[in-house]
Number of protein chains: 2
Amino acid sequence: MTAPIYLDCDTGIDDALALAYLLASPLASLVGVGTVSGNVSAAVGARNTLDLLSLAGAASVPVAVGAHDPLVGSFHGGAPWVHGSNGIGEVSLAPAAASLAAESAAEMLVRLAHTYPGALRVVAIGPLTNIAEALRLEPALPSLVESVTVMGGAALAPGNITPVAEANIWHDPEAAALVLAADWDVTLVPLDVTMTSVLEESHRQVLLSSAAPVPRALGEMLGYYFRFYEDIYGRPCSAMHDPLAAALAVGAVKPALAPVVRAAVDTSDGPGRGQTVCDMRGLYVGYPEVKAARCRVVLSLEEDFAPHLVEMLLNHFEGTTAAVEPSETKAVPIAAA
Amino acid sequence: MTAPIYLDCDTGIDDALALAYLLASPLASLVGVGTVSGNVSAAVGARNTLDLLSLAGAASVPVAVGAHDPLVGSFHGGAPWVHGSNGIGEVSLAPAAASLAAESAAEMLVRLAHTYPGALRVVAIGPLTNIAEALRLEPALPSLVESVTVMGGAALAPGNITPVAEANIWHDPEAAALVLAADWDVTLVPLDVTMTSVLEESHRQVLLSSAAPVPRALGEMLGYYFRFYEDIYGRPCSAMHDPLAAALAVGAVKPALAPVVRAAVDTSDGPGRGQTVCDMRGLYVGYPEVKAARCRVVLSLEEDFAPHLVEMLLNHFEGTTAAVEPSETKAVPIAAA
């Protein structure tokens with residue numbers, strides 16, 4: 001049983017890992033990808049996504065460009081110091097032959113929700129602009145999709161853009177507020193669990209020494225990402241934000257602690273702007289059930305995620321290297337190899 | 001060496017414990033108490049303080065009434081479901097003969113800061129209205145006092161009034177913002193450490209079985225307090241907010257982890273109003289030194305606080321019972337004894 005997945009992303013190094021993970025997972029069938037401005041612009045993110053899909057031999061997955069600007073204000077310009085000027089750690093991928101979908105990301109999500117009624121899983125690993133737009137286009141969206149998993153926010157952990165705000169939510173708080181307030185249950189994969197799910201240099205070396213181009217390219221990108229995170233962790237390694245959300249969405253990874261709580265997004269102009277205000281006051285008695293609460297906040301995992309991620313990527317891409325078209329694999333100049 | 005202490009409080013059950021602790025500590029000399037609206041009104045808090053001081057044989061400590069209303073808006077009416085309708089868990093104390101000081105709490109603080117230049121320790125365990133007012137009355141206050149210790153806020157722990165706001169800060173965010181922005185170092189004793197410093201029923205029984213009236217009265221009050229906290233902890237016990245701040249201020253209890261970070265108070269009207277926005281992003285590398293940071297956030301203690309608190313109260317009050325004037329001790333009708 002594979003679940004149809006719509007991925008909304010801002011590719012992005014850890015987005016690239018999530019994309020590769022969803023292609024690799026036997027539990028997932030990636031039926032569409034939409035992009036949004038965040039780590040990079042929606043247009044650059046779409047280009048990166050096409051190139052990665054092509055490298056992975058999955059050029060048939062449709063990619064739609066989504067919102068360039070958040071619901072309020074305009075795109076801030078991305079995070080080149082985290083993801084590189086091209087969003088994928090200055091790694092050069094062969095330009096894909098495939099072109100972008102004619103529809104917008106929000107339109108794609110609505111279309112796929114109707115194509116797979118009750119089955120589509122939405123995995124949102126960028127700012128939530130497209131998801132909010134899709135809710136506006138199709139008010140019945142909550143009853144059409146199977147689940148919504150969002151990488152974003154911080155419940156009890158510190159933020160990563162401000163002391164309390166995480167990047168995806170901070171980039172479009174108004175959209176995040178609409179998504180959390182909609183008539184569906186949302187699984188939030190916040191910094192609490194993504195910052196404690198760490199990919200180490202030893203894992204990166206395994207990817208780099210792979211015979212397959214996709215793991216090698218991801219290993220190269222992670223070199224850039226690790227340099228950013230060295231200041232945060234004190235060693236070369238990285239958080240695994242986006243692929244963890246993907247793995248939780250497909251059910252390959254199980255939460256150990258994931259209370260369902262009330263949650264709202266701070267859309268004020270105060271110092272809390274962009275914070276996911278999660279009501280964690282049940283902490284001291286193991287989070288009893290809360291009436292009308294709809295936000296499942298993943299706080300910890302049953303098992304360490306990084307070994308699973310690396311294993312899935314190697315199993316899939318080393319096994320399918322032969323299936324990748326020569327024109328796509330031979331032309332991959334991996335930066336600083 | 002005893003340190004002169006100005007206590008600013010809203011007495012309140014845990015305020016009563018802090019007051020008794022400061023009278024009991026050989027490291028402290030309580031030179032004045034000001035009250036502010038919070039758990040109860042400033043006037044009721046002052047009455048409770050006078051009665052407790054009288055019961056403790058310390059009627060000579062001056063008590064000044066402070067601000068009834070926060071800097072913005074008006075007093076919300078207190079928390080009788082936590083502290084009882086009289087603020088001290090429905091325990092009846094003999095009315096003290098002593099009267100209130102003619103000065104306001106803020107005026108008292110300024111006067112004491114000049115009386116003990118460079119030595120006065122400010123222990124603020126209620127909303128920060130009086131401290132903000134004192135800063136306005138005497139802009140040189142930061143250079144006059146030895147230290148400022150505030151019970152309040154939540155750094156990474158949940159709030160207790162809203163998901164992110166702690167009661168003392170939430171009651172007067174504008175005052176708290178002024179206090180944290182003033183030209184002094186502040187030690188914040190937030191819910192992170194006070195909620196994990198728990199007084200158990202066994203400790204309460206020790207206080208109740210004391211031969212001295214002050215520990216007995218405190219044990220009675222705690223019966224009320226424990227009932228409130230039973231929903232939060234799942235057993236009869238309580239957090240030790242205010243006495244812990246007092247013990248940290250006098251140096252009797254040492255923090256195990258207390259990073260100095262930048263901190264601001266959310267004074268917006270958003271869902272973060274009243275939050276202490278502490279920048280805890282150094283978490284993953286053990287909180288390196290932050291330039292210009294002035295807020296020391298106590299996160300954990302070297303040793304469990306409750307045994308120390310009970311021991312100090314018994315040592316002092318059982319040893320000094322004879323010194324309590326008969327008229328003050330005999331008349332104590334402890335409720336539901």
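Residues numbered from 1 in each chain as written. Chains lettered and ligands numbered in written order. Predicted model: local features only at pLDDT ≥ 70, side-chain atom pairs only at ≥ 80, totals over all residues. Heavy atoms only, no water.

Take chain B, turn it by 180°, move it 0.0 Å along the axis, and it overlays chain A with an RMSD of 0.0 Å. Expressed as a symmetry operation, the mapping of one chain copy onto the other fits a two-fold axis. Most of the interface of chain B is mirrored in chain A, where 100% of its interface residues again form contacts. (Least-squares fit on C-alpha atoms with pLDDT ≥ 70 in both. Contact = heavy atoms within 4.5 Å.)

All names here are of chain A. Of all 8 residues that make up strand β2 (residues 28–35), 7 are buried, and the element is covered over most of its length. In the sheet, strand β1 (residues 3–9) pairs with β2 via 7 bridges, with the strands oriented parallel. The residue bridging Y6 from the neighbouring strand is G32, located in β2. Of the crossover connections in this fold, the one passing from β1 over helix α1 (residues 13–24) to the parallel β2 is right-handed. Relative to strand β3 (residues 63–65), β2 runs parallel, the two sharing 3 bridges. The partner of T35 across the bridge, within β3, is V65. Once you follow β2 into helix α2 (residues 42–55) and on to β3, the crossover reads as right-handed. (Buried < 20%, exposed > 50% of the residue type's maximum accessible area, 1.4 Å probe, protein only. Helix = DSSP H or I, 4+ residues; strand = E, 2+ residues; numbered from the N terminus. Pairing = 2+ DSSP bridges. Right-handed = clockwise from strand over helix to strand, strands pointing away.)

A word on the nonpolar core. One recurring pattern in soluble globular proteins is that nonpolar side chains are buried together. Counting residues in each nonpolar core, the largest one holds 75 residues, and the members touching the most others are A:L7, A:L22, A:L30, A:M221, A:L222, A:L313 and A:F317. Sequence-distant contacts of A:L22, defined by excluding residues within four places in its chain, comprise A:I5, A:L7, A:A28, A:L30, A:A246 and A:V250. Counting 74 residues, the second largest nonpolar core, distinct from the first, contains B:A28, B:L93, B:V214 and B:Y233. (Core = buried A, V, L, I, M, F, W, Y, C linked by side-chain atoms within 4.5 Å.)

Residue and element names in this part refer to chain A. In space, the 8 strands of this open sheet follow the order β3-β2-β1-β4-β5-β6-β13-β10, with mixed pairing throughout. Lying at the two open borders of the sheet, with one neighbouring strand each, are β3 and β10 (260–261). Against the sheet, helix α5 (residues 129–137) contacts β1, β2 and β4 (121–124), and its axis sits at roughly 115° relative to β1. (Axes fitted to C-alpha atoms, helices over the stretch in contact; angles between N-to-C directions.)

What follows deals with the interface of chain B and chain A. Chain B puts 30 residues into the contact, and the matching count from chain A is 30 residues. For the pair chain B and chain A, the two sides together bury roughly 2,200 Å², of which 67% comes from carbon and sulfur. Summed over the three residues of chain B that lose the most area to chain A, namely B:P158, B:R281 and B:Y284, the buried surface amounts to 31% of that side. Between the two partners, chain B and chain A, sit 0 salt bridges. In this assembly, chain B and chain A are joined by 2 residue pairs in polar contact (both at pLDDT 80 or more). Every element with two or more residues in the side of chain B that touches chain A is listed here: α11 (213–233) and β12 (276–278) of chain B. For the side of chain B that touches chain A, the element with the most residues is α11(B), which contributes 3 residues. (Buried area = accessible area lost by both parts, 1.4 Å probe. Salt bridge = Lys/Arg side-chain N within 4 Å of Asp/Glu carboxyl O. Polar contact = N/O pair within 3.5 Å; in protein donor to acceptor, adjacent residues only side chain to side chain.)

Looking now at helix α8 (residues 173–181) of chain B. Along an α-helix, a turn takes 3.6 residues, which lines up residues three or four apart on a common side. If you check which residues of α8(B) are buried, you get B:P173, B:E174, B:A175, B:A176, B:V179 and B:L180. Looking at the buried residues of α8(B), the elements they touch are α5 (129–137), α7 (167–171), β6 (186–189), β11 (263–265) and β13 (295–297) of chain B.

A few words on the packing of α11(B) against helix α13 (residues 305–319) of chain B. Residues and elements named next belong to chain B. Where α11 meets α13, the closest approach of the two axes is 8 Å, and the angle between their N-to-C directions is 140°. The angle between α11 and α13 places the two elements in the oblique class. Within the contact between the two elements, α11 uses V214, P215 and L218 and α13 uses L313, L314 and F317. Grouping the constituent residues of the contact of α11 with α13 by class yields 6 nonpolar, no polar and no charged. (Parallel < 35°, antiparallel > 145°, perpendicular 65-115°, else oblique. Nonpolar A, V, L, I, M, F, W, Y, C, P; charged D, E, K, R; others polar.)

What follows concerns the pattern of salt bridges. What the rule picks out here adds up to 20 salt bridges over all chains. A:E201 is paired through a salt bridge with A:R204; the nearest N and O atoms lie 3.0 Å apart. Placement of both A:E201 and A:R204 in helix α10 (residues 201–208) is noted, with a separation of 3 residues, approximately one turn of the helix. Using a relative accessible area of 24% as the deciding quantity, one classes A:E201 as partly exposed. Among the ionic pairs, B:D279 bridges to B:R281, the shortest N-O distance being 2.9 Å. For B:R281, a relative accessible area of 32% gives the class partly exposed. Here the residues in one salt-bridge network are A:D183, A:D185 and A:R294, joined through shared partners.

Centre distance and the angle of the planes are the two values used to describe a pair of aromatic rings. All names here are of chain A. If you walk through the whole model with that rule in mind, you get 10 aromatic pairs over all chains. Ring geometry for Y21 and F305: centres 6.3 Å apart, planes at 65°, overall edge-to-face. Taken as a pair, Y21 in helix α1 and F305 in the loop between β14 (300–301) and α13 (306–320) lie far apart in primary sequence, 284 residues in all. Residues Y21 and F305 agree in their burial class; the two are buried. (Phe/Tyr/Trp six-rings, centres within 6.5 Å; stacked < 30°, edge-to-face > 60°.)

Let's shift gears to the UniProt feature "domain: Inosine/uridine-preferring nucleoside hydrolase" (unreviewed entry) in chain A. Here, UniProt's "domain: Inosine/uridine-preferring nucleoside hydrolase" (unreviewed entry) annotation points to residues 5–303 of chain A. Helix makes up 37% of residues 5–303 of chain A and strand makes up 17%, while its end C-alpha atoms are separated by 23 Å. (UniProt positions renumbered as here; feature names shortened; annotations may be inferred.)

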